[in-house]
Amino acid sequence: MLLEHCPIVVGVDGSAAALGAVRWAADEAARQQRTLRIVHAMHWEGSADGQGLVLDAATEAKGWQPGIAVETMTLAGSPAWILRQQSRTAALVVIGGRVHDGSVLDASVSAHLAAFAHCPVLVVNNGWRWADPTTALPAHAPVVVGVDGSPSSQRALAFGYGEAASRHVPLLAVHAGRARPHAIVAAELEPWLYRHPEVETRFDSRDTGVLETLTEAARSALMLVVGAHRVGWAEQPRPNPVTQLVVHHAASPVLVTRSV
């Protein structure tokens, strides 16, 4: 499937967090001029009214973004497997997530997708906040991108600039730790400044760890964008454990990017 025809896919399960994810997905579909596909995975022990769930979510999505095309699907299987399969032909998969208080990750759908999806994944942490139509989506906070000079962070910058430009907000590039000199990482941003003069760009560097630095930056971010890191030459790009922790601990939505 050509990328320009790929839909924005969002998973729903009837929860307020999933409905908040639908709102973010509808916003992405409108800005990218893509079809929104609302998907519910049917369990044998799950909801008997999956069709009702997706139709109700479609009604809400059209109410938030009247101009978008919406399609719905109910499929048999686990949510993680269904949405991973959907990611093969999607431009973006959106899923509601939750912020964990501890350091041990559970086997959640968002963790699985952030690691193994075939397209970028937007995890809308604490998505219940956006289910209320009277609550405005964030409009003025910066898009924060984690950078380290790697190819995966270059992909994150590409997506981050796309988000920042379409939303007319600044971009904050954040470098953490001491693995590479901050000045070198900052210099590698120069080509992006020439490509995107319309986006106000700032660079911030900290000697603290990646998890601490990025989760702190996410507190005042519209969204946090991080790249998928390759683990082993024979494997597809997927987040390393630190990226997985960032996905689960950041207060803002987290966009995990990869090649599609």
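Up top is the structure these notes are about.
Residues numbered from 1 in each chain as written. Predicted model: local features only at pLDDT ≥ 70, side-chain atom pairs only at ≥ 80, totals over all residues. Heavy atoms only, no water.

### Quick notes on helix α2 (residues 50-64)
Next, step 1: In this model α2 runs 21 Å from its N-terminal to its C-terminal C-alpha over 15 residues, within 8% of the 21 Å that 1.5 Å per residue would give.
Next, step 2: Tucked into the core, α2 has its buried residues touching α1 (16-32), β2 (36-42) and β3 (70-76). (Helix = DSSP H or I, 4+ residues; strand = E, 2+ residues; numbered from the N terminus. Expected span 1.5 Å × (residues − 1). Contact = heavy atoms within 4.5 Å.)

### Some words on empty space enclosed by the protein
Next, step 1: Per the stated rule, a full pass over the model turns up one cavity of 30 Å³ or more.
Next, step 2: A volume near 40 Å³ is recorded for the largest cavity.
Next, step 3: What lines the largest cavity is simply V147, G149, Q154, L157, V185, E188 and L189.
Next, step 4: Taken together, the residues of the lining of the largest cavity sort by class into four nonpolar, two polar and one charged. (1 Å grid on protein atoms, 1.4 Å probe; cavity = no way out; pocket = protein on both sides within 12 Å on 5 of 7 lines; lining within 4 Å. Points joined across faces, edges and corners; volume = space filled by probe spheres on them. Nonpolar A, V, L, I, M, F, W, Y, C, P; charged D, E, K, R; others polar.)

### Some thoughts on the sheet that holds strand β6 (residues 143-146)
Next, step 1: Spatially, 10 strands are ordered β3-β2-β1-β4-β5-β10-β9-β6-β7-β8 in an open sheet, and the strand pairing comes out mixed. Strand pairing shows two members of the sheet lacking a second neighbour, β3 and β8 (201-206), which therefore form its edges. For this sheet, the mean inter-axis angle between neighbouring strands, taken without regard to orientation, is 25 degrees.
Next, step 2: The pairing of β6 with strand β7 (residues 171-176) spans four bridges and is parallel. Looking at the pairing, G146 lines up with V174 of β7.
Next, step 3: Where α1 meets the sheet, it contacts β1 (8-11), β2, β4 (92-97), β5 (121-125) and β9 (223-227), and its direction lies at approximately 175 degrees from that of β1. (Pairing = 2+ DSSP bridges. Axes fitted to C-alpha atoms, helices over the stretch in contact; angles between N-to-C directions.)

### What to know about the nonpolar core
Next, step 1: With 44 residues, the main nonpolar core has L36, I38 and V94 as its most contacted residues.
Next, step 2: Top contributing element to this core by residue count: α1, with seven residues.
Next, step 3: If you look at the next biggest cluster of nonpolar residues, it comprises 29 residues, including A114, L172, L224 and V246. (Core = buried A, V, L, I, M, F, W, Y, C linked by side-chain atoms within 4.5 Å. Buried < 20%, exposed > 50% of the residue type's maximum accessible area, 1.4 Å probe, protein only.)

### A short note on the pairing of β7
A regular strand places its side chains on the two faces of the sheet in alternate fashion.
Next, step 1: Burial runs high along β7: six of the six residues are buried.
Next, step 2: In β7, alternate side chains face the same way, and those of L171, A173 and H175 on one face and L172, V174 and A176 on the other are all buried.
Next, step 3: Once the chain exits β6 it traverses helix α5 (residues 151-167) before rejoining the sheet at β7, and the crossover so formed is right-handed.
Next, step 4: With six bridges connecting them, β7 and β8 associate as parallel partners. Bridge assignment links L172 to a residue of β8, and that residue is R202. (Right-handed = clockwise from strand over helix to strand, strands pointing away.)

### Describing the pairing of β6
Next, step 1: Burial along β6 is two-sided: V143 and V145 and V144 and G146, pointing in opposite directions, are all buried.
Next, step 2: Here three bridges tie β6 to β9, and the two strands are oriented parallel to one another. In the strand pairing of β9, V143 is matched with M223.

### Some words on helix α9 (residues 241-249)
Next, step 1: Of all the residues in α9, the buried ones are T243, Q244, V246, V247, H248 and H249.
Next, step 2: Among the structural elements, α4 (109-116), β5, α8 (210-218), β9 and β10 (254-257) are those in contact with the buried residues of α9.

### Some points on the pattern of salt bridges
Next, step 1: Within the structure shown, the criterion is met by 11 salt bridges.
Next, step 2: A salt bridge links E163 to R167; the nearest nitrogen and oxygen atoms lie 2.9 Å apart. With E163 and R167 both in helix α5, this residue pair falls four residues apart, about one helical turn.
Next, step 3: R180 is the partner of E188 in a salt bridge, and the nearest nitrogen-oxygen pair spans 2.8 Å.
Next, step 4: R180 gets classed as partly exposed once you look at its relative accessible area, which sits at 27%.
Next, step 5: Through salt bridges that share partners, D27, E28, R31, E163 and R167 make up one connected network. (Salt bridge = Lys/Arg side-chain N within 4 Å of Asp/Glu carboxyl O.)

### Describing the packing of aromatic side chains
Next, step 1: Scanning the entire structure with this criterion turns up two aromatic pairs.
Next, step 2: Relative to W130, the ring of W24 lies with its centre 6.1 Å away and its plane at 70 degrees, an arrangement referred to as edge-to-face. Of this pair, W24 sits in helix α1 while W130 is found in the loop between β5 and β6, placing the two residues 106 residues apart along the sequence.
Next, step 3: On the accessibility criterion, W24 (0% relative accessible area) is buried.
Next, step 4: When the ring of Y161 is compared with that of W192, the centres are 5.7 Å apart and the planes differ by 5 degrees; the resulting orientation is stacked. Taken together, the residues span a long stretch of sequence, with Y161 in helix α5 and W192 in helix α7 (residues 190-195) at a distance of 31 residues. Across the pair, W192 and Y161 agree in class, each one buried. (Phe/Tyr/Trp six-rings, centres within 6.5 Å; stacked < 30°, edge-to-face > 60°.)

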